[in-house]
Amino acid sequence: MLLSTTSSLEGQPIRRYLGLVHGETILGANIFRDILASIRDLIGGRARSYEVTLERAREMALQELGRRARLLGAYAVVGVRVDYEVLGQAGGMLMACAIGTAVQLEYSSDRSLPPPLPPAGSERA
């Protein structure tokens, strides 16, 4: 699945807009990681454990976005945006939300891209 933050894909004309798609994930924070991150905040340095959690949340949200786009018969998602929010008591959870527009692309005559997938539940003629 092609994902792009831009509104178009260079050299790949959009044939059809299929609508908004989204993906979300919520991950809980680990108390030991929180303690270590607090110590790093005091003495300086990167909170690598939080960076890993943030990366994992983003990837999971984007995977879910792609899955939902495929269900619509999309080959790509344009205008992708990822937002983050801290949730829960004392900010113990991280939510990542990805949103974009599912699209079908013109079939490339040079066969550099496969044809778009049909929507879930439909059959090819």
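Everything numeric here is computed off the predicted structure, so don't read it as measured data. (Residues numbered from 1 in each chain as written. Predicted model: local features only at pLDDT ≥ 70, side-chain atom pairs only at ≥ 80, totals over all residues. Heavy atoms only, no water.)

### Describing the overall build of the chain
Next, step 1: If you tally the helices and strands in the chain, you get two helices and four strands.
Next, step 2: Per-residue burial for the chain yields a buried fraction of 29% across its 125 residues.
Next, step 3: Total accessible area on the chain stands at roughly 8,200 Å², and carbon and sulfur atoms take up 55% of it. (Helix = DSSP H or I, 4+ residues; strand = E, 2+ residues; numbered from the N terminus. Buried < 20%, exposed > 50% of the residue type's maximum accessible area, 1.4 Å probe, protein only. Areas by Shrake-Rupley, 256 points an atom, 1.4 Å probe, with all protein chains shown as cover.)

### Thoughts on the nonpolar core
Next, step 1: Counting residues in each nonpolar core, the largest one holds 15 residues, and the members touching the most others are Val-21, Leu-65, Ala-69, Val-77 and Ala-102.
Next, step 2: Of all elements in the fold, only strand 2 (14-28), helix 2 (48-71), strand 3 (76-87) and strand 4 (93-105) reach the threshold of two or more residues within this core.
Next, step 3: Tallying contributions element by element places helix 2 first for this core, with five residues.
Next, step 4: With sequence-adjacent residues up to four places away left out, Val-21 is seen in contact with Leu-65, Arg-68, Ala-69, Leu-72, Val-77, Ala-98, Ile-99, Gly-100 and Ala-102. (Core = buried A, V, L, I, M, F, W, Y, C linked by side-chain atoms within 4.5 Å. Contact = heavy atoms within 4.5 Å.)

### As for the sheet that holds strand 1 (residues 2-3)
Next, step 1: Spatially, four strands are ordered 1-3-4-2 in an open sheet, and the strand pairing comes out mixed. Each having just a single partner strand, strand 1 and strand 2 make up the two edges of the open sheet. (Pairing = 2+ DSSP bridges.)

### Observations regarding the pattern of salt bridges
Next, step 1: Inspection of the entire model under this criterion finds four salt bridges.
Next, step 2: Across the pair Glu-64 and Arg-68 runs a salt bridge, and its minimum N-O distance is 2.9 Å. One end of the pair, Glu-64, and the other, Arg-68, are both in helix 2, four residues apart, so they sit about a helical turn from each other.
Next, step 3: Arg-68 sits in the partly exposed class, given a relative accessible area of 25%.
Next, step 4: Where Arg-81 meets Asp-83, a salt bridge forms, and the shortest distance between an N and an O atom there is 3.1 Å.
Next, step 5: A residue is classified by how much of its surface remains accessible, and Asp-83, at 34% relative accessible area, is partly exposed. (Salt bridge = Lys/Arg side-chain N within 4 Å of Asp/Glu carboxyl O.)

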